[in-house]
Structures are given as structure tokens and as C-alpha cells.
Amino acid sequence: MISSEDQLLWEDYEISRNPEIREKIIKRYLPLVRYVVGRMVVSPPPGLDYEDLLSFGVIGLLHAVEKFEPARGFVFQTYAVPRIRGAILDELRKYDWISRTGREKLQKLEHAMEHLLQQHGHVEDDKLREELDMDEASYRELLEISERSFVVSLDETFSYGEGEVDRGDLLADTASLQDEVMERREEYEWLYQALQELSEREQLVLSLYYAEGLTLKEIGAVLGVTESRVSQIHGKALMILRTKQAL
């Protein structure tokens, strides 16, 4: 339930539309933007970075603050999250960075992964490259395209923790969170099992990116590899999980 402090804040803003109160509300809910970005399977296209995603999310937060009607009984977080996520996706979809040829290659990659998973239960780089009949350079380029193709939300595919914002920082409705955990238990169990079947490096990249909130560049520094290599590992891991889910 909404706290009395929040309720008074919203009531004051609804009556006065005071810019100072609006600023207080925005600052109070800014962690929600970082939370949403942390739960999205999003790789910024060339020219954008993690900070750009946050700025897109802030636009969604601003719209949510303006449109929110406390009298309807909704918790603001429940109302704001899809609007923050939608604002980020709307901006990213303006960047058509994957060509038609690239999309055709991604379909081949997905089919090759599906074949290997059905045969062996896991996907190794050498086997996948052989299945695709690609040289090393072309294969790595395809993995980077794959990584950039994931402009979707974790909530729309699978859940991976709660990002880098503590649950308390989100001012969340505890009852709603408990209900969600119960409803998605099977999904969590499936994801946990699927993650265990990834390589240790793939698991580490996903953990550092989604749970710890590191950028691809920062992960590269941790692992001692280039940002490009992290992008390839990230793209392959996400494609494996998505393919596993479709089987």
C-alpha cells in the first residue's frame, strides 16, 4: 500500500501542480528508472550507451508523473513501470540498426542453436560456427548483431533478479511483489536451470550486466577482454536462453 507520506505528496501535487512538489516526486522515484533499465534485455545501438537508456526512462517517468491519478487506487510503481519501459523501447525502435541481411543471419543463428540444443543440450562456439559454416570473424560479427537485437524487456521474456536497485529503494508494494513471486515460481525455476547450462563466462557476464548493473565496457575490464568480446558473449547467452524457451 502507498505510504502516508507518499499519499500526502501526491495529494498536494494533484491540488497545486506545484513544480517544487513535482521535483520531489521525480527525485523520489528516480531509482525506479534504474530498476527498469536493469531488468531489460537491451543493448544500446552504436552511438548510445547505458546513460542514454536512463535518460529515455526518465522521459517515461515524467509522463507517468503527469498522468498518474492517485484517486484510482493504483500504486505509482505499478503504473509507472510499463510507461518507463515503453518510453525506452519507443526511443530505441527509432534506431533501425539491423539490416534485412542481418535479420536473415539471426534466423539462421537461432535455427542452428535450436538444432544443437536438441542434439546435445548445450551450445559450444566451435560446434555453432561449424553448423553455420562461418569463419571466426564472421561468426563473432553475427554474435554482436545478435546482442544488439534484444530490444525487449526481461519481464516479457524471462526474469533475472531485480537489477541494481534494492527492493526498499523502489518503495514497492510488498503484497504485490509477494503475489508476483508466487505466480512466477515456475518461471524462476526454469530460468535458474537454464542459466546453469550456460558456460561459466556466459553466466558471469549476465550476472554482472543485469544483477550488478555494469556496462559492457566495465565487464570487459573485469574479464580482461574487449567490450566487443563481451558483447558477443552476451548476445550468444541471450540467444541460447531465448531458443531454450522456445523449445
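Residue positions are given per chain, counting from 1 as you read along its sequence in written order. With pLDDT at 70 or above as the cut-off, local features in this predicted model cover only qualifying residues; side-chain atom pairs require 80 or more to be listed or tallied, and sums for whole chains, interfaces and linings still use all residues. In computing side-chain values, all of the structure's heavy atoms are included and hydrogens and water are not.

Brief notes about the environment of Glu144
For clarity, the cut-off: Working definition: helices are DSSP H or I runs of at least four residues, strands are E runs of at least two. Numbering for both runs from the N terminus. Whether two residues are in contact is decided by their heavy atoms: any pair within 4.5 Å suffices. For the purposes of these results, a polar contact is taken to be a pair of N or O atoms within 3.5 Å, where, inside protein, one atom must be able to donate a hydrogen and its partner to accept one; residues adjacent in sequence count only when each atom of the pair is a side-chain atom.
With respect to the secondary-structure elements, Glu144 resides in helix H7 (residues 136-148). The spacing of Glu144 and Arg229 is 85 residues in sequence and 8.4 Å in space, taken between C-alpha atoms. Beyond its immediate stretch of four places on either side in the chain, Glu144 contacts Ser228, Ser231 and Gln232. Reaching out from Glu144, the side chain makes a polar contact with the side chain of Ser228 at a distance of 2.4 Å. Side-chain polar atoms of Glu144 contact the side chain of Gln232, separated by 3.1 Å.

As for the packing of aromatic side chains
Pairs of aromatic rings are described using the distance from one ring centre to the other and the angle between the two planes. Cut-off, in case you're wondering: What counts as a ring pair is set by centres within 6.5 Å for rings of Phe, Tyr and Trp (its six-membered ring), and what kind of pair is set by the plane angle: stacked under 30 degrees, edge-to-face over 60, tilted for all other angles. Residue burial is assigned from relative accessible area. The probe radius is 1.4 Å, only protein chains are included, and a residue is buried under 20% of its type maximum, exposed over 50%, and partly exposed in between. Charge-over-ring contacts are defined here by two conditions on Lys NZ or Arg CZ: a distance within 6 Å of the ring centre and an angle within 35 degrees of the ring normal.
Inspection of every chain in the model, using the stated rule, returns six aromatic pairs. When the ring of Trp10 is compared with that of Tyr29, the centres are 6.4 Å apart and the planes differ by 35°; the resulting orientation is tilted. Of this pair, Trp10 sits in helix H1 (residues 4-16) while Tyr29 sits in helix H2 (residues 19-38), placing them 19 residues apart in sequence. On the basis of relative accessibility, which here comes to 3%, the residue Trp10 falls in the buried class. In this structure Tyr29 comes out as buried when scored by relative accessible area, which is 2%. Ring geometry for Phe68 versus Tyr79: centroids 5.4 Å apart, planes at 50°, classification tilted. Pair noted here: Phe68 is in the loop between helix H3 (50-67) and helix H4 (76-92) and Tyr79 is in helix H4, with a separation of 11 residues, a long-range link. Tyr79 gets classed as buried once you look at its relative accessible area, which sits at 17%. Among the aromatic side chains, those forming a connected cluster through ring pairs are Trp10, Tyr29, Phe68, Phe76 and Tyr79. Across from the ring centre of Tyr79, 3.8 Å away, lies the NZ or CZ of Arg83, which sits over that ring.

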